[in-house]
Amino acid sequence: MQRHAKIEQYLDLICNQIRCKKIHNEICEEIENHINDQKDAYKVQGIDEETATLKAIEQMGDPVIVGTELDRSHRPKPEWSIIVLTLLLLVTGIVIRSFTSPQDLNGLELFNKQLVFTVVGIGLMILCYYIDFTFIGKYPKIIFLLFTALIIILIAKSTPVNGRYIYASYLLLLFPTLFAGIVYNMRNKGYLGIIICGLFLTIPFVISRMVSSFAFSIIIVMSCFVILTIAVAKKWFRVKRLYALLLIYLPAIAIVVIILASNSYFLQRIINVLFPSIDPTGSSYIINVINQLLLGAKFIGQGILPSKFQGMSAAQCLPGVNNDFFLTYITHRFGWVVSFMVVILLTVFIIRAFILCTKQKSVLALLVSTAATLTIAIQTFFYIMSNLGFMLFAPLSLPLISQSSGFLLINMSLVGVLLSVFRTGYFIKDEVINNKGISSSF
Amino acid sequence: MTIEKRLLTGSTTMLVLKLLADKDMYGYQMIEELSKRSDDTFNLKAGTLYPLLHNLEQKGMVSSYNDNADSARVRKYYSITKKGKALLAEKRTEWKIYSSAVNKVLKGGATLAETC
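Just so it is clear, the structure is predicted and the values come from calculations on it, not from any experiment. Sequence order sets the numbering: in each chain, residues are counted from 1 along the sequence as written. Chain letters and ligand numbers both follow the written order, the letters beginning at A and the numbers at 1. The model is predicted, so local features are restricted to residues of pLDDT at least 70 and side-chain atom pairs to those at 80 or more, both for listing and for counting; the totals for chains, interfaces and linings are taken over all residues. By convention in this description, side-chain values take in all heavy atoms of the structure and omit both hydrogens and water.

1. Section: the pattern of salt bridges
We count a salt bridge whenever a side-chain nitrogen from Lys or Arg sits within 4 Å of a carboxyl oxygen from Asp or Glu. Enumeration over the complete set of coordinates arrives at 16 salt bridges over all chains. One salt bridge in this structure joins B:Glu57 and A:Lys361, with 3.1 Å as the shortest N-O distance. Residue B:Glu57 is located in helix H3 (residues 46–58), and its partner A:Lys361 is located in the loop between helix H18 (336–358) and helix H19 (363–387); the two belong to separate chains. Note on exposure labels: buried denotes an accessible area under 20% of the residue type's maximum, exposed denotes more than 50%, and partly exposed covers the range between, all computed with a 1.4 Å probe on protein chains only. Residue B:Glu57 is classed as buried on the basis of its relative accessible area of 12%. Taking the relative accessible area as the measure of exposure, A:Lys361 reaches 37% and is therefore partly exposed. Each of the salt bridges in this network shares a partner with another, and the network as a whole consists of A:Glu26, A:Glu30, A:Lys361, B:Glu57 and B:Lys76. In this description a helix means any DSSP run of H or I spanning at least four residues, a strand means any run of E spanning at least two, and both kinds are numbered starting from the N terminus.

2. Digging into the environment of A:Pro102
All names here are of chain A. Considering the arrangement of structural elements, one finds Pro102 in the loop between helix H5 (80–100) and helix H6 (107–130). Once the C-alpha coordinates of Pro102 and Asn272 are considered, the two residues, 170 residues apart in sequence, prove to be 31 Å apart. Residues contacting Pro102, with those up to four places away along its chain left out, are Arg97 and Leu108. By the convention used here, residues are in contact when the closest approach between their heavy atoms is within 4.5 Å.

3. Here's the deal with the confidence of the model for chain A
Residues and elements named next belong to chain A. Each residue carries a pLDDT score, the predictor's own confidence in it, on a scale running from 0 to 100. Confidence along chain A averages 89 in pLDDT terms, with 96% of residues attaining 70 or more. Element-level pLDDT for chain A is lowest in helix H21 (residues 435–439), with a mean of 38, against a maximum mean of 97 in H18. Counting interchain partners and residues more than four positions distant, the pLDDT-below-50 stretch residues 434–442 has nine contacts.

4. Some remarks on empty space enclosed by the protein
Lining residues are defined by having an atom within 4 Å of a point belonging to a cavity or pocket. Those points lie on a 1 Å grid over the protein atoms alone, cavities being sets where a 1.4 Å probe fits but cannot get out and pockets being open sets with protein on both sides within 12 Å along at least five of seven lines. Grid points are joined across faces, edges and corners, and a volume is the space filled by probe spheres set on the points. Applying the stated criterion across every chain, the model contains two cavities of 30 Å³ or more. Together, A:Glu30, A:Asn33, A:His34, A:Asp37, B:Tyr26, B:Gly27, B:Tyr28, B:Tyr50, B:Arg75 and B:Lys76 line the largest cavity. The set of elements that each furnish at least two residues to the lining of the largest cavity consists of helix H2 (24–44) of chain A together with helix H2 (27–37) and strand E3 (75–80) of chain B. The greatest single-element share of the lining of the largest cavity, amounting to four residues, is contributed by H2(A). Any residue that is not Ala, Val, Leu, Ile, Met, Phe, Trp, Tyr, Cys, Pro, Asp, Glu, Lys or Arg is counted as polar, Gly included; the first ten are nonpolar and the last four charged. Here the lining of the largest cavity is built from residues that sort into three nonpolar, three polar and four charged.

5. What about the nonpolar core?
Residue and element names in this part refer to chain A. Grouping buried Ala, Val, Leu, Ile, Met, Phe, Trp, Tyr and Cys residues that are joined through side-chain atoms within 4.5 Å yields what is termed a nonpolar core. Judged by nonpolar contacts, the single largest core of 99 residues is most densely connected at Phe179, Val183 and Phe237. Domain start and end points were adopted from an automatic or database domain assignment. Of the residues that make up this core, three or more belong to each of domain 2 (79–134 + 278–442) and domain 3 (139–262). Setting aside chain neighbours within four positions, we find Phe237 in contact with Val183, Met186, Asn188, Lys189, Gly190, Gly193, Ile194, Cys197, Leu228, Ala231 and Val232.

6. Brief notes about the environment of A:Phe179
The residue A:Phe179 is located in helix H10 (residues 175–184) in this model. Sequence spacing of A:Phe179 and A:Phe144 is 35 residues, and the spatial spacing of their C-alpha atoms is 7.5 Å.

7. Points about the sheet that holds strand E2 (residues 62–67) of chain B
Strand pairing in a sheet is mediated by backbone hydrogen bonds. Such pairs are either parallel or antiparallel. DSSP-based pairing: two strands are paired if at least 2 bridges between them are found. Pairing is antiparallel across the open sheet formed by three strands, whose spatial order is E1-E3-E2 (chain B). A single partner strand is all that each edge strand has here, and the edge strands are strand E1 (25–26) and E2 of chain B. Note that E2(B) and E3(B) share six bridges and pair antiparallel. Directly across from B:Ser63, in E3(B), lies its bridge partner B:Ser79. Angles run from 0 to 180 degrees between N-to-C directions of axes, and those axes are lines fitted to C-alpha atoms, restricted for helices to the stretch in contact. Of the strands in this sheet, E1 and E3 of chain B touch H2(A), which is tilted by about 100 degrees from E3(B).

And the structure:
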């Protein structure tokens, strides 16, 4: 239906006052509906169409005042809790590492390098914060494939270390967030939509199996599955929830079983975790060192080093005290209380982020923010587990805290995406699809 | 009689919350209902209502959803939240204290006038 010129003019005047463009459509629709309702009411009273329209507009009130008022309630707000927690985590990491770095071989050099990367990371975070995250929902396939191409180029150009391409692996951690955009675009596409999502998920999964350690694959797959499950729970695909979940999880379980059965390396890991005493100097050497260090750790202060490490410092027995086993090391060096504080700070960050995710109104905002939070949360969980000696998966990084420039940049980007969603996500709503019209076509 | 606008502004939030406590409504419906229940005393302008509603939504007092339940138009319905119900209770108590105090003063003035 063609809008009346006067109504158009009135709506434009209101919108001109509202700086947050994302909300314009929604407000226009609401106000226009109201004017039409009022107009219909006047027409029932016997007033002609034209006069009824003008009277209805007049009844609304001054558009500039209304628009200004609306602008006040829709001003994008930065999510300070997440910003403050992020900075606290970065500072905590830097302060603790300033004590532990000198213990490591060229540790000081790495410490300084990490300082530079922290600044770069903050820049990346600010960049992602200002980028409108809804583009993930607008061009998901193009972005997904561009990233895939970028990763393949990186693999071709870089040399592997121990069969792993670490730069490509870092980038893989962005896939769950991009995957959220794919899922968002499969609205009402039924079981086929779920299958298409599955095919897209296969891309980062296969790449990660070829170039990264197992932990990357697991983080990507777990995050993406949670995203899919949320979408099913929200009836996003318009299919029966039970069948949809079976369609998602039956193949997934089958693949996991096949991989576990064919992967002797993983079985070895389980054996190492359960029976670390079988091969204490070989494959379960690190788990043994971790267990010894944690046994000797005090509540506060330097822990005791068992006699069999005589003559060696903990930093010499345990590789990667600033990156892979930072948490184990600081437990030994400064006591449980310090690692507890670090873990609690990260947990607060993650819980706060999840709470904010649940407050999002649009499915796109919900999926994107949940995917980014999950990527950080699962990383944290694996890291803590492995640093306690349950090393089923390799520790990647303790997000924002442990030494690693690549992970830091990726995690800071994810925080930036989160902040971008939390800044404007509340204003975005998914288009309403006329329920009755669609169900008849099924 | 239409009430002076200044008198209405202070209590609009309470009235809107009360309407939503009874059932979910869209903006136009609220204005109609308010007018009906107050025997045409309260004639709320849409230009006042929507900023108020959007503000309440930002603060988590009400939530909104789109629905096309009773007509071809998709309407934005508002529904009161737990937090909103608590605010309504608070506003009610405030109102009771305020109105009884105003009444006492008005009555007091009357008796004073009589005795003089």
